[in-house]
Every structure is written in structure tokens, then in C-alpha cells.
Amino acid sequence: MPSYKPLILSALILSVTASFPMAASCLSAPDTIILNQGGKLFQPFEFNHAKHIQTIKECADCHHHTTGTLPPNPKCAKCHANSSPTSVVSCKGCHSATPFSPETLSEKSNAKERYHMDKMGLKGAMHQSCISCHQKLSAGPTGCQECHERSAAGKALYYTGKVADKSSKKHH
Amino acid sequence: MKKFIKQGLQTVDSPYQEDGEKRSLMNKLLLGLSPSEYLLQAFRNPFNWILGLIFVIGIPILLGRFVFGLAWATSGSNDYPWGLFLGFGLFAMVPLSSSGFQLGTACEIFGRHDLEPIERLALLNGLLGYFFMVVSFGPAAVLFLVAWHVSTYLSVQILEVSTAFFEWIGFPAGKRGVRRITLGLTVSGIILSTLHQGALGALFTYAPGKVHPLWYSSSFQWLHFFVSSLPGGLCMVIAVSTIAAKTMNWRGDGRFHANLDKITVSLAKGACMGLATYITIKLIAIAHDNKWSYLDSGWGQWFMLEIILGFMLPLVLMTYGVNTRKMAIVRLGAFATVFGVVLNRVNTAIITFNWKLPHREIPPWREVLISITIFAIYIVVYRFILYRLPILYRWRAEEAPEVVTETEAVRSGAPIGHASTAPIASYSNMTKLD
Amino acid sequence: MKRRNFLKACVIGGATITLGKTNKGWAAGSFEGYPDAMGVLVDTTRCIGCRSCEAACNKEQQLAPPAESFEDKSVFQEERRPDSTHYTVVNEFEKKEPQGPVYRKVQCNHCNEPACLTSCFVNAYTKTKEGAVIYNSKVCVGCRNCMIACPFNVPGYSYESVTNPVVKKCILCYDTRLKVGKPPACVEICPQEALTFGHRADLVKLAHERIRMNPESYYDHVYGEKELGGTSWLYLSRTSFDKIGFDTTMGNEPIISNVKEFLGMVPMVLSIWPALFSGIHLLSKGKHDEQGEHHDTTQEDR
């Protein structure tokens, strides 16, 4: 007679893992992500995703409700206490890289049912999310160049290193 | 000039010299003197030394403004875009130059022919003030209503003063042509003056928060500017005629000197009415917007200084002087009025402007020097014209354009050819030949 | 001759009335902005004073190189204002507050009823339907009336130009961006998305919604919603606006409301004065002959 034990065991394991969707999805999360890939003023840089997963543990701290877990902010939890995970979890899935293009703006005004009208663009969302946490914990980069170095174009734009000529008098 | 006249020089007041020869243009320009005599009298005049000093320093800086630009010549301030040139040259000189339309109106519209001896001086005063305002500031002075009104008004004034020029240059047809349209010119002058004097005030309604509330009235700003321009212009004429009578006594003829006091009194009366009206409407405006609390501040004290010294005191002085016929006091009041009007404009445009900002703008030395230089040029041109054109005296021409005069001269049997010998009977029984 | 003069004056008066009527001062009613006008919401609680907006503007508008780097924070020691080579500046306020300073971006507010446009007599300014207030340097005569008029002290003047000083200010990147469907350079570069670009009407709602959702973070007022007839640049702040460099005494009436009274007088004077003064002249005591010459009646009465 065949043994049903392996079948029951795998079913048990599966059901255990299935009841921890976070664990399941965390298995598919990348360890490092290259951010600012299209950056002109600042260089692309490596983001240590694995380290953040280990430190923060709670995906919803950064990914809001998209991982299907309870978001920490009570204002969000009012609606998203039992939300299921979304198909795309990465930031750029919801936060547009061109938040102010005519297409994005018309899509926003046409979406009458949408609640999140104040959704930030990708750049703003990342900066606000990352830096605010680093500031709160007093750990992690907060300055512009601590994450991504200026490119040559960026240095030119900001006139990096230029010092005011003390002899010139300023007009109001 | 006084020395030469004592030595027997005949002042240029007719187309003919003593010996009957027609005066050349050069002769008229040099006041009947030879070139060396002319230069001599110029050198002897101490006022010319002061003018010379101003020009030696000032003209290069004035030219520098055109070579190096406004940033070099002015404070180049974005918070105070209108500095000394405009604050003094435009806003202060324009009300003082309102004498043109006022005397023109008085004589031509209201028929006050007793004011005629001063009419031309008032017209010239008006013309020169506007001319220097427009010419000096080029692109910076052209503003909508002010722009096309002032250029039109300038043409009107040029035409009105041209009668004196045509007399002097010997072109009677020109004079007759202008006299025919004088009524139209005068009425146009009144319209244009009312509007642009008011418009200069209305310019500040664009910046209601920037002018201190005691100097600003949302409803009445233009009226304040228009009404205060009236005593300003009249008193400017008194002031200029006083200076002219003292410094170029020889230039005024008998009619001018004999009537000057009487005319000064008439002008002062008009100015008093203007001052009283202005003070009243100023107080009404403060009450209208309930601004009394502003008086209790540094600005409030400055305001009271301006209105007391510049408007109330002159009113008292001139009233007293007119009633007791104390001409010196009347004239003092007139000068004080001129000071008051200038102070009011400079306060509105520069000093209390941007009163909410922490810093006050002090004009840099170049800007001050340029303003002084332009004012000096204005004085030189004024004097040049007064020395020559029949403004302070009557041109004794043989054609004698007044119809009445010619008829009377013929009737009295006097020879027409020699105007210098024939007593010119004129419509005014106040004429006295010197 | 007199009648002719009188009629002449009336014709002149009539002609000038017609001219006076084309004065654009008549156009104002209460204008709430073009319906599709864009705007920018500035959330000063998000601004970190990085001055990227200044850098982006400098490049986009091809302005003169700055005296110091845009990374230099020492500029915050004094309060700056826009001028001919800086169309936008950021100032620092509330420097000693425990929550940290507040940074406020200053630039042309692109008012619905701009004072600059109202005061410009050569029509150099235009309020476009996209909401931007742009100007034509070629037409500008340099009178600086707009600088006097602007309640926010925004337009700068290129005093350093010898032959052609003109007024210069932010144009919401109209030529290079708005017209081709891109947001202004400052908006695009802001790392904190302190600047939100969109239709002005939507931004007003958005601003109030932000206040509603986070009442502890915001002062309950959207600056620019109603001030001076409404502006296209709206501001949010954590504290009252006078503490971060805003003038809160200006009221909600556009500047043109102050000027209309006088402008209405103009055609009145032009119509009434000719008849009034010609009439007075007719009534005045002196007799007048064909040439308008003077006669002294006292002499003739004798």
C-alpha cells in the first residue's frame, strides 16, 4: 500500500507556507535593486533590499498595503485592514515616473472612482519614504550624495564647488 | 547785465536797435551785446560759477548713464524701481508745472486779463517742466495715460508759448495762426492736465499696499494729486517770478514790475483756495478709511510735518500776507507750498513707498548728481529763454498784432514805422514804458 | 470762430472717448481664471531647501551663472527676492523652531488678474489659457510700472543692460515646456515633490484635502486661493503665513479694482470738460473778437 505520509506532510507544509503569504512573497523579493537607472543628474546606485527586509521585517512599512498585510498607519488600515496583495509590489507599479505629464493628469481627472488623488510620483515617493524613515531612526543616508552621486551633468547644473566672489556687491 | 544796462545798454525788446537798424538773430541771441561783452557778463555772474561746477562734475556722469547703463547710474533696485529721477523729476516737477493750463484757463476761458502779464511766464514754466521730464527720462517716463496725454499736452504748450517765440523771431503770421486756435488749445490743456495730474496719482492705485496708508487713498488718490497740483503750479509761478524779478530785474518791463505784486496776490488767493480744498479732502480721505490710528506712529509724525509745514502753514502765511499786503510773507508762503508739494510727491513715490519692507532706499551719489545736473540744465534753459523771449516784457514790434493797438496808434497820428518811439497804447491801461 | 472752436473741442472729446473705451481697464469683472488653467501647489512642509528648483530654472531659462553654487546653503542667511537673473529663489524661515526651519519658494504667482498686466500700457503681458502670465520683452519699454504694481515684488529688471533693460520674471516655462505638455522645470526636478502640478481647480481641492487628512501638520489656509483674486501658485504651510514671508494683509480684490474708479473718470472728463469750459468762456465777462484776441472791457466801457 502507498504511504500517504509524504502527501500529508507536503500538504501541511504547503498550507503553513500558504498561510504566511508574506514569507512566500519575500522569497521572491530581490536582494539588490538598481535604482535611478535612467538618472541624468545623479548616478544609478544599488539599493540593498535584503538588508532592509532583515531590519524592518514588516513589508507594509514601505510597500503600504500592496503585500496584503496590515498597514501600520491607522488611517490606511481603516480601508485596507483586509486587503489582498496586489499584482505589482514594486514602487514604480503605482507611483508614476511622470506624474505631471498630460496623460497622467488626464487619467487622474478621468478616474472619478479613485480615492488616492494625492498619490505622489515615483521620485517624490521614494525620497519621502526612504529619507523620512532614515531621519526618524537616525540611521541611513539622508543627504543627496549619500545615496546617489552627482553625474557630470548634475555637477554642471548645480555649479558644484562654485564659491561667491566676496568683492562683488549684490543689488537688491 | 546790470552793469551794462547802467552803462546805457538798450535791452532787446523790439526788432529794432536804437539807431533804427533791424536786429539780427545774433544780436537778439547775444542780448544786444558783442560776443566779448556777452562772455564778460557771463563770467561776472557768480551763479554761473556754481552752474559751471555742477556741469563739470555732472555732465560726464549724465553721459555715463547712457554709456554704462542704469545699473551704474542708479541704485538698480528691484524693490524701488522708481528712484530719484522719477520721484523728483516726474512726480514733483509735473504738479509744479501745472501753471500752464491754470493761467491759460484763467486768461482765455475766465477772461482774467489782468493776469496777462504773468500768463506767458506761467505757460513757459509749464512747458519747461514737462519738457525736461519727458526728455530726461526717455523710455522710463512713458506711461499710458501720462504718455499720450503729456505728449499731446506738450504740443499744446509749445504752441501756446510759440506766440512769444514768433514775436521775437519776427514771424507774425505764425503768431496769428496760433491765436486763432488758442481757445481750443486752452480747453484741450485743461482736459489733458486734469487727467494726467490725476493719472500720476492713479499710478499708485496699482500698488495699494505699498504706499503708506496716510499717503494713499484708494478712492481719492487721483483727486489728491490733481487738487494739490493747482496750488503747486500757482505758487511755482510766484516763486519763479520772485526769483526773476530779483535776479533779472532789467528784463521785466514796466508793466511786469508794476503789476507783479497785484498778480502775486491774485495767484496767492487762488493757491489758498487750492490749499484749503486739499487739506479738507485729505482729512476726509483719512476719515473715510478710518486711518486716524496711523497718526500715532513715526510715519504719522512725518505726515503731520508734511501737511503742517507744506500746506497748512503756507495757507496761513499767504492768507495773512494777502490781507495785510505783506508781499514778503505771501512769497514765503508760496515757496513753502512748492516745498510741500514736492515733499508730498517724493514721500508718496519714494520715501513711504514699500513702507512695509525693512529697508529704505537711499539714492546713490551718481543718481543724486544726475538729478542735480538735469535740474541745473533746466534752470539754464529757463534763464536763456527768459533773457530773450518776450515773456517778462512786451515785444514792441511795429506790426503790433493787437488790432486795437494799431487802430489807436493810427488814430493818435503817431508814426507806425518806429515802434521804439511811438507810445504803444494797448488795451491795458496798466502799461508803462520804461 | 468761437463756435468752430467749440465744435472742434467736442469732436476731439468724442474721438477721445472712443479711444478711452478701448482701455483694457474696462475688461475686468471678477475673473476666476481660465477653466483649464494649470497651477502649482507648493507644500512647504515637504521642502527641504535643496535649491534644485533654482538650479533647474537657471538652466531652463538660460540665466546667468550664479554667484555661488546651488548647493550653497549660506544664501539662506538673508531673505532674497527674484530678480533679472534669478526667476525663483528659496528662503528659510522659522530658523530657531524645534521642528526645524521652513523653506519657501518664491516666484511669480501667475495671478488670475495680474497687477503687472493691468498696469502695463504697452500690453507686454498676457495671461495665457494655460494659466501662465508671460511677457514680450520686445514690446517692453522699461517703464517698470509692473514692478511697482506687483504686490509680491516679483518682476526683476535688467538694470545691467545698457541699451535694452527690460523686465524679467518666471514664465512657468511656457515656451519650452507648458506648450509641449511638460511640467515646469522646477516642478520636475523637485526631489520631495513639494511642488505638485495640475489643473488649478483640482489643486485647490487637493490642498484642502491634504489639510483635512493631516490637520496637525497644516495651517488651515491655502494661500493664493483667493488672495488678490486668486493666483495659480498655491501654498500650504505648517504655520501662519506671515511667519514665512507672506503678506497676509492684501485682501481678495484684484489690483484692477483699485484702478477702475479713476479709469472710469477719464471718459467723463473728456466728454464734460469741453462743453463746461467752452460754456464758461462764453459766459465770461470779456468780449471776444473774431481772432480770439483780447479786449479789456474796462477800457472799452470807459
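The shown structure was predicted, so the numbers you read here are calculated from the model rather than taken from an experiment. (Residues numbered from 1 in each chain as written. Chains lettered and ligands numbered in written order. Predicted model: local features only at pLDDT ≥ 70, side-chain atom pairs only at ≥ 80, totals over all residues. Heavy atoms only, no water.)

## Here we look at the pairing of strand 3 (residues 102-106) of chain C
Residues and elements named next belong to chain C. The buried fraction of strand 3 amounts to five of the five residues, a majority that puts the element mostly inside the structure. Across the two faces of strand 3 the burial is the same, with Val 102, Arg 104 and Val 106 and Tyr 103 and Lys 105 all buried. Judged from the five bridges that link them, strand 2 (residues 89-93) and strand 3 form a sheet pairing that is antiparallel. Opposite Phe 93, over in strand 3, you have Val 102 as the bridge partner. (Buried < 20%, exposed > 50% of the residue type's maximum accessible area, 1.4 Å probe, protein only. Helix = DSSP H or I, 4+ residues; strand = E, 2+ residues; numbered from the N terminus. Pairing = 2+ DSSP bridges.)

## Describing the confidence of the model for chain C
Residues and elements named next belong to chain C. Averaged over every residue, the pLDDT of chain C is 83; residues scoring 70 or more account for 83%. Considering only residues more than four positions removed or in separate chains, one finds that residues 17-28, a stretch of pLDDT under 50, has 20 contacts. Scoring of the predicted complex yields 0.77 for pTM and 0.78 for ipTM. (pLDDT = per-residue confidence, 0-100. Contact = heavy atoms within 4.5 Å.)

## Looking at the pairing of strand 1 (residues 38-43) of chain C
Residue and element names in this part refer to chain C. Where burial is concerned, most of strand 1 is hidden: six out of the six residues are buried. Residues Met 38, Val 40 and Val 42 line one face of strand 1 and the alternating positions Gly 39, Leu 41 and Asp 43 line the opposite face, and both faces are buried. Relative to strand 8 (residues 195-199), strand 1 runs antiparallel, the two being bridged by five bridges. By the bridge assignment, Leu 41 is partnered in strand 8 with Thr 196.

## With respect to unusual backbone geometry
Positive phi, close to 50°, is recorded for Tyr 159 of chain A, a residue that is not glycine. Looking at where Tyr 159 of chain A falls in the secondary structure, it is placed in the segment after helix 9 (152-158). Look at Tyr 159 of chain A and you get partly exposed, because its relative accessible area is 25%. In this structure, Asn 290 of chain B is a non-glycine residue whose phi angle is positive, near 50°. With respect to the element layout, Asn 290 of chain B can be found in the loop between helix 14 (254-288) and helix 15 (298-324).

## Focus: the interface of chain C and chain A
At the junction of the two partners, chain C supplies 36 residues and chain A supplies 29 residues. Contact between chain C and chain A buries roughly 2,600 Å² in total, counting both sides, with carbon and sulfur atoms accounting for 54%. Counting across the chain C and chain A interface gives two salt bridges. Residue Glu 71 of chain C pairs with Arg 150 of chain A through a salt bridge whose shortest N-O separation is 2.9 Å. Counting every contact that joins chain C to chain A gives 16 residue pairs in polar contact (both at pLDDT 80 or more). (Buried area = accessible area lost by both parts, 1.4 Å probe. Salt bridge = Lys/Arg side-chain N within 4 Å of Asp/Glu carboxyl O. Polar contact = N/O pair within 3.5 Å; in protein donor to acceptor, adjacent residues only side chain to side chain.)

## Here's the deal with a nonpolar patch on the surface
All names here are of chain B. Residues Leu 283, Trp 292, Met 304, Ile 308 and Met 312 make up a contiguous nonpolar surface patch of roughly 410 Å² in combined accessible area. Among the elements that take part in the nonpolar patch, helix 15 stands out by supplying three residues, more than any other. Examined against the element boundaries, Leu 283 turns out to sit in helix 14. When its relative accessible area of 33% is taken as the criterion, Leu 283 is described as partly exposed. (Patch = residues over 30% accessible without salt bridge, like charges linked within 9 Å, V, L, I, M, F, W, Y side chains within 5 Å. Areas by Shrake-Rupley, 256 points an atom, 1.4 Å probe, with all protein chains shown as cover.)

## Some points on helix 16 (residues 327-351) of chain B
With 25 residues, helix 16 of chain B extends 34 Å between its outermost C-alpha atoms, agreeing within 8% with the 36 Å of an ideal straight helix rising 1.5 Å per residue. In terms of burial, helix 16 of chain B is largely enclosed, as 19 of its 25 residues are buried. (Expected span 1.5 Å × (residues − 1).)

## Describing the confidence of the model for chain B
All names here are of chain B. With 88% of its residues at a pLDDT of 70 or more, chain B has an overall mean of 81. Per-element confidence in chain B is highest for helix 15, whose mean pLDDT is 94, and lowest for helix 18 (residues 403-411), whose mean pLDDT is 41. A low-confidence stretch, residues 137-142 (pLDDT under 50), is modelled with 16 contacts involving residues beyond four sequence positions or located in other chains. Confidence drops under pLDDT 50 across residues 399-434; counting only partners more than four residues distant or on other chains, this segment forms 50 contacts.

## Details of a positive patch on the surface
Residues and elements named next belong to chain B. A surface patch of positive charge is lined by Lys 2, Lys 3, Lys 6 and Arg 44. Here the positive patch gets three residues from one element, more than from any other, and that element is helix 1 (residues 2-6). Along the polypeptide, Lys 6 turns up in helix 1. (Lys, Arg positive; Asp, Glu negative; His and termini not counted. Charge placed at Lys NZ, Arg CZ, Asp CG, Glu CD.)

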